[in-house]
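# An overview of the molecular structure
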Amino acid sequence: MTTLDAELRVGRGAFTLDVALSAQPGEVVALLGPNGAGKSTALRALAGLLPLTDGHIALYGEQLDSPADGLFRPAEQRPIGVVFQDYLLFPHLSALDNVAFGLRCKGLRRAAARAEALPWLERMGLAEHAGRRPAKLSGGQAQRVALARALAVRPRLLLLDEPLAALDARTRLDVRAELRRHLAEFEAVAVLVTHDPLDAMVLADRLVVIEAGRVVQTGRPAEVARRPRTDYIARLVGLNLYQGVADGRRVTLPEGQVLATDEELTGPAFVAFPPDAVTLHRHRPETSARNLFPCTVAGLDLHGDRFRVDLAGPLPLAADLTPTAAADLDLTPGTRVWAAVKATQTHAYPA
Amino acid sequence: MSTPRTTPAPHPRGRRRPRGATRVPAALLLPALLGLAFLVLPLLGLLIRAPWSALPALLTGPEVWQALRLSLISATAATGVSLLLGVPLAWLLARTDFPGRRLLRALVTLPLVLPPVVGGVALLLVLGRAGIVGRWLDAATGITLPFTTAGVVVAETFVAMPFLVISVEGALRAADPRYEEAAATLGASRLTAFRRVTLPLVAPGIGAGAVLAWARALGEFGATITFAGNFPGRTQTMPLAVYLAMESDPQAAIALSLILLAVSIAVLAGLRDRWMSTP
């Protein structure tokens, strides 16, 4: 049985969201997309903070929202837990009372709610901070309290809105690993919204990539990373991506350039290759590489210990060089170079 | 903000002039000092001419005590009624959207600028024995409000509640409504979210509004004397007693005024963080 089955359609003036979403028990689904893609709208619709204009949301076979039937269960009547981007911990309540809040709403008395909330803080390693107000918690601690608060009501659908976005880089690494552990233990469905591909790949079992309110690609993280289908994902996972028509081991792009590949394909196809598969030369090289293009350096950028070179020309592409190689080539914006890519280092797949 | 000593001031003239000191033109300074004197001198006069030695006797006199007691009780009751009705009204104005909300808000704040006497007359017309609602109230329950202690509370509430509504509405608008959404996702009904999340968040605003409303109610004169009359022990509050005493016993009037002044200073002190911390 599908645990979560949703057709999210929300119209908002010129913007429309139209996203189909389903998940199995224990699955973590990430909605990945750029800002303004409609991820948060989708999350608010799932949470019951925003009614659908069309479509439906069913959880464990139970309808939560179905405009056609005039049915809408508001947030407080849904078996959900939400971790908000900036956590929204109640500032006037201690960490423990924040976690106990949902339990009290279920009718538990104060002492009973606190007794049930404390183990959640213990699981997060925050028992000694139980009496603290949110203002006295660090970002990472607040994030964990928010997670404990959402989990304490034992939701059947856990929603996380950019759960790591508010953290600094160092904390983020720890909290991400920890969040992954908690999500793995969570038996029901978790839907995560993020614009960070790394968060999505580490935390989710399946990605649903959204652009401009539509699903553009879904799949397991490794699959999406290996075979991107839009420029947005290609940029996220750091691949050069081209779409054309394959005929054997050649893919012809709309502008007429031909890319040699290693896979036998026919019909519409994508070709992807990583920037470090590209070699640059000041003069036309004598090379076995079957893909050779004249380019102009458009920009240089240091990425970790690598130089990312943006190249303009008949085939715009990105190349990664070691700082030594970049210095040897004496690259500056406007420099004319030859870019070579071996066919064996490209990856072609049907569009 | 302090100027670090090691770094020279960016403006060359700023170095010679002590920080914060600005040259004030006489055309502004003179009226400013006059204005200050005008506001402060009467209060000083009150303190200078106060019959300090006779004060204990005056203040423990039965009339004074009666008026003070009535004032405190009715102002507190008016504040209570204002809280009970005004906080939900502020919530309605801040958190919901309906046609005519702006007009409603203007109507709610009207008593802030309306001469209190006009308020008293209006109250008489509506709640008086022959008034639109008063007639019905009299017939149905036998209750008449004008010229009773309850009438004092009604008059004071009418004048004081807008202060509370405005203060609480401002606090509600400043509070992030997404906390209410977070509460909803945890299973809280809208009422529970209001009670357990919104109210505590805006408590400082409610407190400030209540103090303002209480102070306004305590000083209420025009609406009270019009709607509730001036019966010692029943409707004669402090301001009314002061006014009356000025004709018969000026010393007592000064003594009563001193009490109201002390209360005002206490209110200011209580609100200083909110109202006097402007730079």
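Please read all numbers here as calculations on a predicted model, not as lab measurements.

How each quantity is defined
Residues numbered from 1 in each chain as written. Chains lettered and ligands numbered in written order. Predicted model: local features only at pLDDT ≥ 70, side-chain atom pairs only at ≥ 80, totals over all residues. Helix = DSSP H or I, 4+ residues; strand = E, 2+ residues; numbered from the N terminus. Buried ≥ 20, exposed ≤ 12 C-beta atoms within 10 Å, placed from the backbone. Contact = placed C-beta atoms within 7 Å. Nonpolar A, V, L, I, M, F, W, Y, C, P; charged D, E, K, R; others polar. Pairing = 2+ DSSP bridges. Axes fitted to C-alpha atoms, helices over the stretch in contact; angles between N-to-C directions. Core = buried A, V, L, I, M, F, W, Y, C linked by C-beta atoms within 7 Å. Parallel < 35°, antiparallel > 145°, perpendicular 65-115°, else oblique. Left-handed = near helix turned anticlockwise from the far one by under 90°. pLDDT = per-residue confidence, 0-100. Arc of directions from axis to C-beta.

### Section: the overall build of chain B
Looking only at helices and strands, chain B has 14 helices and zero strands in total. Start at the N end of chain B and walk to the C end: the helices and strands fall as α-α-α-α-α-α-α-α-α-α-α-α-α-α. Buried residues in chain B amount to 34% of all 279 residues. Partitioning the contacts of chain B with sequence separation of at least 6, the portion at a separation of at least 24 is 75%.

### What about the interface of chain B and chain A?
In this assembly, 14 residues from chain B lie in contact with 17 residues from chain A. At six residues, helix α9 (residues 178-185) of chain B tops the list of elements feeding residues into the side of chain B that touches chain A. For the side of chain B that touches chain A, a count of residues per class yields eight nonpolar, four polar and two charged.

### Digging into the sheet that holds strand β14 (residues 278-281) of chain A
Residues and elements named next belong to chain A. Taken in spatial order, the five strands make up an open sheet running β14-β18-β15-β16-β17, and their pairing is antiparallel. On the outer flanks of this sheet lie β14 and β17 (317-321), each paired with one strand and no other. Here the strands of the sheet are splayed against their neighbours by 45° on average, with no regard to which way each runs. In the sheet, strand β15 (residues 291-303) pairs with strand β16 (residues 306-312) via seven bridges, with the strands oriented antiparallel. Within β16, the residue paired with H303 across the bridge is R306.

### Structural notes on the nonpolar core
Buried together is how nonpolar side chains tend to be arranged in soluble globular proteins. Grouped together as the largest cluster of nonpolar side chains are 89 residues, with contacts concentrated most on A:A30, A:L46, A:V99, A:L157, A:L159, A:V191 and A:L192. The element best represented in this core is helix α4 (residues 139-152) of chain A, accounting for eight residues. Ignoring sequence-local partners within four residues, the contact set of A:L159 consists of A:L43, A:L46, A:A47, A:I80, A:V82 and A:V191. Formed by 41 residues, the second largest nonpolar core is a distinct cluster that contains B:A94, B:V159, B:A171 and B:I206.

### Considerations on the environment of A:A298
Residues and elements named next belong to chain A. Mapping A298 onto the fold places it in strand β15. According to the C-beta neighbour criterion, A298 is partly exposed, with 15 such atoms within 10 Å. Along the primary structure A298 and L108 are separated by 190 residues, whereas in three dimensions their C-alpha atoms are 63 Å apart. The contacts of A298, once residues within four sequence positions are left out, are D310, L311, A312 and P333.

### A word on the pairing of strand β2 (residues 15-23) of chain A
Strand residues, when the strand is regular, have side chains that alternate between the two faces of the sheet. Residue and element names in this part refer to chain A. Where strand β1 (residues 4-12) lies against β2, nine bridges are found, and the strand directions are antiparallel. The partner of R9 across the bridge, within β2, is D18. Hairpin connection between β1 and β2: a loop of two residues separates the two successive antiparallel strands, and G13 in this loop has a positive phi of roughly 65°.

### With respect to the packing of helix α4 (residues 62-95) of chain B against helix α11 (residues 203-218) of chain B
Residues and elements named next belong to chain B. Look at α4 against α11: their axes get within 9 Å of each other, and the N-to-C directions meet at 140°. By the angle between their directions, the pair α4 and α11 is classed as oblique. Between α4 and α11 lies a crossing of right-handed hand. Side by side, α4 and α11 meet where S71, A75, T76, A78, T79, S82, L83 and V87 of the first sit next to I206, A210, A213, W214, A217 and L218 of the second. Here the contact of α4 with α11 is built from residues that sort into ten nonpolar, four polar and no charged.

### Brief notes about the pairing of strand β18 (residues 336-341) of chain A
Residues and elements named next belong to chain A. Across four bridges, β14 lies against β18 in antiparallel orientation. Note that in β18 the partner of L280 across the bridge is A339. Where β15 lies against β18, six bridges are found, and the strand directions are antiparallel. The partner of T296 across the bridge, within β18, is R336.

### So, α9(B)
Most of α9(B) sits out of view: six of its eight residues are buried. The set of residues buried in α9(B) consists of B:Y179, B:E181, B:A182, B:A183, B:A184 and B:T185. Of the surrounding elements, those touching the buried residues of α9(B) are α1 (39-47) and β7 (80-83) of chain A together with α10 (190-201) of chain B. Of the residues trailing α9(B), B:G187 is marked for its positive phi of about 100°.

### What to know about the confidence of the model for chain B
Residue and element names in this part refer to chain B. Model confidence for chain B is summarised by a mean pLDDT of 85, while 90% of its residues fall at 70 or above. This model gives residues 1-10 a pLDDT under 50, and the stretch forms five contacts once residues within four places in sequence are excluded. Confidence metrics for the complex model read pTM 0.78 and ipTM 0.81.

### Considerations on unusual backbone geometry
Residues and elements named next belong to chain A. Backbone geometry places Y60, a non-glycine residue, at a positive phi of 50°. A positive phi is found at E162, a non-glycine position, where the angle reads about 45°. Inspection of the secondary structure puts E162 in the loop between β8 (157-161) and α5 (169-185). The class of E162 is partly exposed, set by 19 C-beta atoms lying within 10 Å.

### Topic: the sheet that holds strand β19 (residues 347-350) of chain A
Residue and element names in this part refer to chain A. One open sheet holds the three strands; their spatial order is β12-β13-β19, and the pairing between them is antiparallel. This sheet does not close on itself; its edge strands, each paired only once, are β12 (240-252) and β19. With direction set aside, neighbouring strand axes in the sheet form an average angle of 40°. Inspection of the sheet shows β12 paired to strand β13 (residues 258-273) by twelve bridges, in the antiparallel sense. Looking across to β13, one finds that G244 is bridged to A269.

### Focus on the environment of B:R234
All names here are of chain B. In this fold, R234 is placed in the loop between α12 (222-227) and α13 (238-248). Taking C-alpha positions, R234 is 11 Å from V153, a pair spaced 81 residues apart along the chain. Ignoring sequence-local partners within four residues, the contact set of R234 consists of T148 and T149.

### Overview of α10(B)
Residues and elements named next belong to chain B. Every buried residue of α10 is accounted for by A193, V197 and T198. Angular distribution of buried residues about the axis of α10 spans 85°; they occupy a single face of the element. Looking at the packing, one finds that the buried side of α10 touches α9.

### Points about the packing of α4(B) against helix α8 (residues 149-174) of chain B
Residues and elements named next belong to chain B. Between α4 and α8, whose axes approach to 6 Å, the crossing angle comes to 40°. Judged on the interaxial angle alone, α8 and α4 are oblique. α4 and α8 meet at a crossing whose hand is right-handed.

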